[in-house]
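Secondary and tertiary structure notes
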Amino acid sequence: KRLDKDFALFLDSHGYDYFIKSYDKTDLNNSPALIICATDDNGLNRQVYDDAKALNIAINVVDTPELCDFIFPAIVDRSPVVIGVSSNGKAPVLARLIRAKIESVLPSGIGELAEKAGQFRQTIKDKLHDINHRRHFWEGVFGRSLQGESVGELADELAKFTHDNPNPVGEVYIVGAGAGDVDLLTFKALRLMQQADVVLYDALVSPEIVDLCRRDSDKIFVGKKRSNHAKSQEEINELLVRYAKAGKRVLRLKGGDPFVFGRGGEEMLACQAAGVPYQVVSGITSALAGASGAGIPLTHRGVATSVRFLTGCYRTGESFDGLTSPYHADETLVFYMGLHALEDLTQNLIKSGLATDTPIAIVANASLPHQQVLTGILSDIVAKQNEAGLPAPAIIIVGKVVGLYRG
């Protein structure tokens, strides 16, 4: 047999010795540092493995994980940036495909930029004394590079950074985490979650989503439930401003969408009043996620031409007390935070002119694997819910579109 021509050329050019012969146990007498065994003979593979173990030599029998003391990850080499992808020997083809995926999105010049960064690192330390300030600089440079944008000389980037940030003030990110399903996060939300120094998160943000935030960020629970507020809204506003003015990037992570019954507007106004930079990132609100997951279209040709979002719990703590404008038969009503007052809600809808046989659905834990749906009509949904006991958080959908549900 002969070696592959390219492989033989590689060995010759790097000064390696190679021999073409049948295996003999005496081949191991020189105590090699490691052995790679890649034959199609399972019996021979086992023999080589046993011989190697008897001599305490590390061995890798290709495509046989149980006969491997070490593994070879699939390597992405952008020296000095090196990425290894391993399936622990379980699925090497998958590891190679993942490597190819990373190769396709990683800029070819990222290694050169990393080399320059290493040479420029001390200069950055000398110019930017605060560690958070330095992190902001590097994340800006590397972030633009990873997004395919051109990056100038690092000295020029530093001059521009210090010019734009003479008195470092942080920033507030008011981010919607969606209805609960991690897969519903937006790319922008995830990017800001990875950048934030401080995270203020709500009760409706799942632990799985919080875990996606930067590992070393300070995480502060500020959740508010109907009768139990860890922090008042005024306290949350004050924390956002205080941390941002200390030069921190502050993530306000909210369930659903910040501007749909999320009080994100109040936090935005607090930032404006304090002169703190901010960004608002929308999230998939529970009305959309819950309706989609339940298969209830909020609008449907010939059935519903408009949607009205309402709350079942007002600022004063009072419950929904009726519609303030007439209801139309081709309209869908979606209530947030109304499950605790379902009886009052249905009675007041009937008083507002809705027929007692108007379809209604309760969707609990919208978008999550344990999402539950309960349907009925205005006159019987309370009794059905008393029996079923669907938990909060839940949205309530009212209108003809509920008749399209096929649970």
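In the block above lies the structure referred to throughout.
Now for a look at the structure at hand. As the structure is a prediction and not an experimental result, all values here were calculated from the model. Residue positions are counted from 1 within each chain, in the order its sequence is given. Local features in a predicted model are, by the rule used here, given only for residues with pLDDT of at least 70; side-chain atom pairs are given and counted only at 80 or more, and totals for whole chains, interfaces and linings are based on all residues. Computation of side-chain values covers all heavy atoms of the structure but excludes hydrogens and water.

**Focus on the sheet that holds strand β13 (residues 331–336)**
What makes two strands pair is DSSP finding at least two bridges between them. For the purposes of this entry, the term helix denotes a DSSP run of H or I that reaches at least four residues, the term strand denotes a run of E that reaches at least two, and both are numbered from the N terminus. On the basis of which strands lie adjacent, the open sheet formed by five strands has the order β12-β13-β16-β14-β15 and mixed pairing. Each end of this open sheet is capped by a strand with a single partner; those strands are β12 (306–311) and β15 (372–377). In this sheet, neighbouring strand axes are inclined to one another by 20° on average, regardless of whether the strands run parallel or antiparallel. When strand β14 (residues 359–364) meets β15, the two strands line up antiparallel, connected through six bridges. Looking at the pairing, Ala 361 lines up with Thr 375 of β15. In this fold helix α13 (residues 381–388) packs onto β14 and β15, with an angle of close to 150° to the strand it touches most, β15. Only C-alpha atoms enter the line fits that serve as axes; for helices the fit covers just the stretch in contact. Angles between N-to-C directions range over 0 to 180 degrees. Residues are treated as being in contact if the distance between any of their heavy atoms lies within 4.5 Å.

**Looking at the layout of surface pockets**
The rule is simple: put a 1 Å grid over the protein atoms alone, call a set of points where a 1.4 Å probe fits but cannot get out a cavity, call an open set with protein on both sides within 12 Å along at least five of seven lines a pocket, and count a residue as lining if it has an atom within 4 Å of a point. Grid points are joined across faces, edges and corners, and a volume is the space filled by probe spheres set on the points. If you add up the space inside the largest pocket, you get close to 2,200 Å³. Along its surface, the largest pocket is lined by 48 residues, and Phe 7, Ile 35, Ile 36, Cys 37 and Ala 38 are the ones closest to its centre. Mapped onto the lining of the largest pocket, the elements with two or more residues apiece are α1 (5–13), β1 (34–37), α2 (42–54), β2 (58–61), β3 (74–78) and α3 (92–105). Residues are grouped as follows: nonpolar covers Ala, Val, Leu, Ile, Met, Phe, Trp, Tyr, Cys and Pro; charged covers Asp, Glu, Lys and Arg; every other residue, Gly included, is treated as polar. Considering only residue class, the lining of the largest pocket consists of 30 nonpolar, 10 polar and eight charged.

**Overview of the packing of helix α12 (residues 342–351) against α13**
Running from N to C, α12 and α13 cross one another at 165°; their axes reach a closest spacing of 10 Å. Considering the angle they form, α12 stands roughly antiparallel to α13. Handedness of the crossing formed by α12 with α13: right-handed. On the side of α12, the interface is formed by Leu 342, Glu 343 and Thr 346, while α13 contributes Ile 381, Val 382 and Gln 385. If an angle is under 35 degrees, it is roughly parallel; if it is over 145, roughly antiparallel; if it lies from 65 to 115, roughly perpendicular; otherwise it is oblique. Working rule for handedness: look at the near helix, and if it is turned counterclockwise from the far one by less than a right angle, call the crossing left-handed; if clockwise, right-handed.

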